[in-house]
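Each chain, written out:
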Amino acid sequence: MPERHVKLLEYARSLTPPSGWKIEASGNQITITVAPSVIHQRSLQIVREQFDAHRPAELMPSESTDLASPAVGKLRNPDLTHIPIAVVESGGNEVPAELAAIAVEIVSPSNPENDLVGKVRDYPLMRIPLYLLIDPREGRITLYSEPSGGVYHRQWNGKFGDTVPVPEPFSFDLATSQLITYPN
């Protein structure tokens, strides 16, 4: 990894954002995002409740965990992830990204490229096996899976109202009919 990425990642880790803000690092860029809207929060609740009902006992949900991949210079904080309960023993707010079972993102209307481009690029490099991307701007859903060689090899696409086939370790059909689109 280039030295500048190491320094940027170290700098991102040293920052303390205001309450409700998130810091992420990818390549040559640090992104700071504001707290999400109520539509974003409601969509996340709908999704989280279903994942929680189907999560394996050894996993716990988190909405505020930094997933770190120092080897590829990435630090991301997904809207929702499920990580091994055993990581609690290590303390802190940073977890090796490859331990995450999934990353869930609700697209922000103010910075959609971060979720639609940056994280589609970064999450397979970080070896996160599933990436669920929910886009309330257009009522679209994409589930990426089977990462290898730095890319996802499988992609399921649908719209709000469709049922998303979520694979192991969750193995359930995610209902999306209650998800809400952003107002125009």
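Details of the structure are given in the entry above.
Please read these numbers as outputs of a predicted model, since none were measured by experiment.

A. Molecular detail of the overall build of the protein chain. Looking only at helices and strands, the protein chain features three helices and 13 strands. Taking 16 Å as the expected radius of gyration for a compact globule of 184 residues, we find that the protein chain reaches 16 Å, a close match to that expectation. Considered along the principal axes of its C-alpha atoms, the protein chain spans approximately 45 × 40 × 30 Å. Out of the 184 residues belonging to the protein chain, those deemed buried represent 46%.

B. Seen up close, the packing of aromatic side chains. If you walk through the whole model with that rule in mind, you get five aromatic pairs. Here the aromatic rings of Phe-51 and Phe-170 are separated by 4.9 Å at their centres, their planes lie at 85°, and the arrangement is edge-to-face. Highlighted residues: Phe-51 in helix 2 (residues 38–54) and Phe-170 in the loop between strand 12 (163–166) and strand 13 (172–175), separated in sequence by 119 residues. In this structure Phe-51 comes out as buried when scored by relative accessible area, which is 0%. Arranged with centres 4.8 Å apart and planes meeting at 85°, the rings of Tyr-123 and Tyr-131 form a pair that is edge-to-face.

Rules of the game
Every chain is numbered on its own, with residues counted from 1 as its sequence reads. At least 70 in pLDDT is required for a residue's local features to be given in this predicted model, at least 80 for side-chain atom pairs to be given and counted, and no such filter applies to totals for whole chains, interfaces and linings, which use all residues. The side-chain numbers reported here are obtained from all heavy atoms of the structure, hydrogens and water having been left aside. The numbering of helices and of strands both runs from the N terminus, where a helix is a DSSP run of H or I of at least 4 residues and a strand a run of E of at least 2. Throughout, radius of gyration means the C-alpha value; the globule benchmark is 2.2 Å times the number of residues raised to the power 0.38. Three labels apply to residues, based on accessible area from a 1.4 Å probe with only protein chains included: buried if under 20% of the type maximum, exposed if over 50%, partly exposed otherwise in between. When the centres of two rings from Phe, Tyr and Trp lie within 6.5 Å, Trp using its six-membered ring, the rings pair. Their planes under 30 degrees apart give stacked, over 60 give edge-to-face, and anything left gives tilted.

The values reported here are purely geometric and, on their own, carry no functional implication.
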